[in-house]
Amino acid sequence: MNEVYRQATLDDAEQVLGVIRRAYRSIGELKIEFAAVHADLEMVRTNIAEHASYVLEIDRRIVATISLRSLPEVTDLPFLYNFAVDPAYANRGVGSKLLAYAEEAVVRDILLSPAVVLATSAKHPWLLPMYERKGYVRFYERELGRDDKLVFLRKNLLPEVRATTG
C-alpha cells in the first residue's frame, strides 16, 4: 500500500469532491449544517485555489482530505476544516494519519504554530469525543443551524516549556 501526503491541486478537485460528498452524506442525514454537506465542484475548486488543502492518496487514489485556513473572527491559530475520509476507508486509521500530518508536518513544522483549531457539531454522535481523545480541548461555541452548536477545539502541538531554576 503506497501512501502519499500532499497539497491538493486543481486537478484533484473532482476526486476531492467525491470524497467530501461520500464522507458528509451521513452528516447531512443527521441534519448537521456544515457547508461541506452541500459541496459542489466550484466550492472545492475555490477552496483548493484560495486555501491550503491536503490529501492522502493510497495507491494513487485520494481517500481523505483536510483543509487549512485562517479564521480571525474566532482565533489567530491555524484552523482545520473540511476534514473528510472516504467511507470505504473508514476505521483503518486513514483519518488519524491525515490529521496527524496536517497537525505536525504542516501546522507545527512549516507554519511553526504552537497549536491548531478545528470545529465540529455538538450533536454529532462521535466526532466531539473523538477529537477530545486526540488531545483537543473545547474553548468556544456558536450557533450552528436551528438546533446545534459549532464547538471549537484547540490542540497544543508543542510540549509546554517549563521554567527551570538553578
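Every value quoted in this text rests on a predicted model; they were computed, and no experiment measured them.

The rules behind the values
- Residues numbered from 1 in each chain as written.
- Predicted model: local features only at pLDDT ≥ 70, side-chain atom pairs only at ≥ 80, totals over all residues.
- Heavy atoms only, no water.
- Helix = DSSP H or I, 4+ residues; strand = E, 2+ residues; numbered from the N terminus.
- Rg over C-alpha atoms; globule rule 2.2 N^0.38 Å.
- Buried < 20%, exposed > 50% of the residue type's maximum accessible area, 1.4 Å probe, protein only.
- Contact = heavy atoms within 4.5 Å.
- Lys, Arg positive; Asp, Glu negative; His and termini not counted.
- Charge placed at Lys NZ, Arg CZ, Asp CG, Glu CD.
- Axes fitted to C-alpha atoms, helices over the stretch in contact; angles between N-to-C directions.
- Parallel < 35°, antiparallel > 145°, perpendicular 65-115°, else oblique.
- Left-handed = near helix turned anticlockwise from the far one by under 90°.
- Nonpolar A, V, L, I, M, F, W, Y, C, P; charged D, E, K, R; others polar.
- UniProt positions renumbered as here; feature names shortened; annotations may be inferred.
- 1 Å grid on protein atoms, 1.4 Å probe; cavity = no way out; pocket = protein on both sides within 12 Å on 5 of 7 lines; lining within 4 Å.
- Points joined across faces, edges and corners; volume = space filled by probe spheres on them.

Draft legend 1. Spatial organisation of the overall build of the protein chain. Across its full length, the protein chain carries 4 helices and 7 strands. When the helices and strands of the protein chain are read in sequence order from the N terminus, they spell out β-α-α-β-β-β-α-β-α-β-β. Against the 2.2 N^0.38 benchmark of 15 Å for 166 residues, the protein chain shows a C-alpha radius of gyration of 16 Å, consistent with a compact globule. Expressed along its principal axes, the backbone C-alpha trace of the protein chain runs to roughly 60 × 40 × 30 Å. Counting only residues that meet the buried cut, the protein chain has 45% of its 166 residues in that class. By sequence separation, contacts in the protein chain at least 24 residues apart represent 62% of the contacts at least 6 residues apart. Side chains of the protein chain give 22 positive and 23 negative charges; the mean places of these two sets differ by 4 Å.

Draft legend 2. Examining the packing of helix 1 (residues 13–29) against helix 2 (residues 41–50) more closely. Here helix 1 crosses helix 2 at 115 degrees, and the two axes come no closer than 9 Å. By the angle between their axes, helix 1 is roughly perpendicular relative to helix 2. Like other packed secondary-structure pairs, helix 1 and helix 2 cross with a definite hand, here right-handed. Taken together, the residues of helix 2 that come into contact with helix 1 (itself represented by A13, E14, V16, L17 and I20) are L41, V44, R45 and I48. Of the residues that constitute the contact of helix 1 with helix 2, the class distribution is 7 nonpolar, no polar and 2 charged.

Draft legend 3. Structural context of the UniProt feature "domain: N-acetyltransferase" (unreviewed entry) in the protein chain. Here the UniProt-annotated "domain: N-acetyltransferase" (unreviewed entry) positions come out as residues 3–158. This span, residues 3–158, is 31% helix and 37% strand, and a straight line between its end C-alpha atoms measures 26 Å.

Draft legend 4. Broad picture of the layout of surface pockets. A volume near 1000 Å³ is recorded for the largest pocket. Around the largest pocket sit 45 residues that line it, and Y24, I27, F83, L127 and Y131 are the ones nearest its centre. For the lining of the largest pocket, the elements supplying multiple residues, two or more each, are helix 1, strand 3 (61–71), strand 4 (75–85), helix 3 (94–108), strand 5 (115–121), helix 4 (127–133), strand 6 (137–144) and strand 7 (148–156). Take the lining of the largest pocket: its biggest share by element is 7 residues, from strand 4. Partitioning the lining of the largest pocket into residue classes produces 31 nonpolar, 8 polar and 6 charged.

Draft legend 5. Looking closely at empty space enclosed by the protein. The full count for this structure, using the stated rule, is 1 cavity of 30 Å³ or more. Estimates place the volume of the largest cavity at around 30 Å³. Along its surface, the largest cavity is lined by V16, I20, V44, N47, S53, T65, S67 and N82. For the lining of the largest cavity, the residue count by class is 3 nonpolar, 5 polar and no charged.

Draft legend 6. Geometry of the environment of A52. As for its placement among the helices and strands, A52 is situated in strand 2 (residues 52–58). Under the relative-accessibility criterion, A52 is labelled buried at 17%. Contact partners of A52, with chain neighbours within four places excluded, come to Q7, I66, S67 and L68.

Draft legend 7. View of the side chain of D86. Tracing the chain through its elements places D86 in the loop between strand 4 and helix 3. You can call D86 buried: its relative accessible area is 2%.

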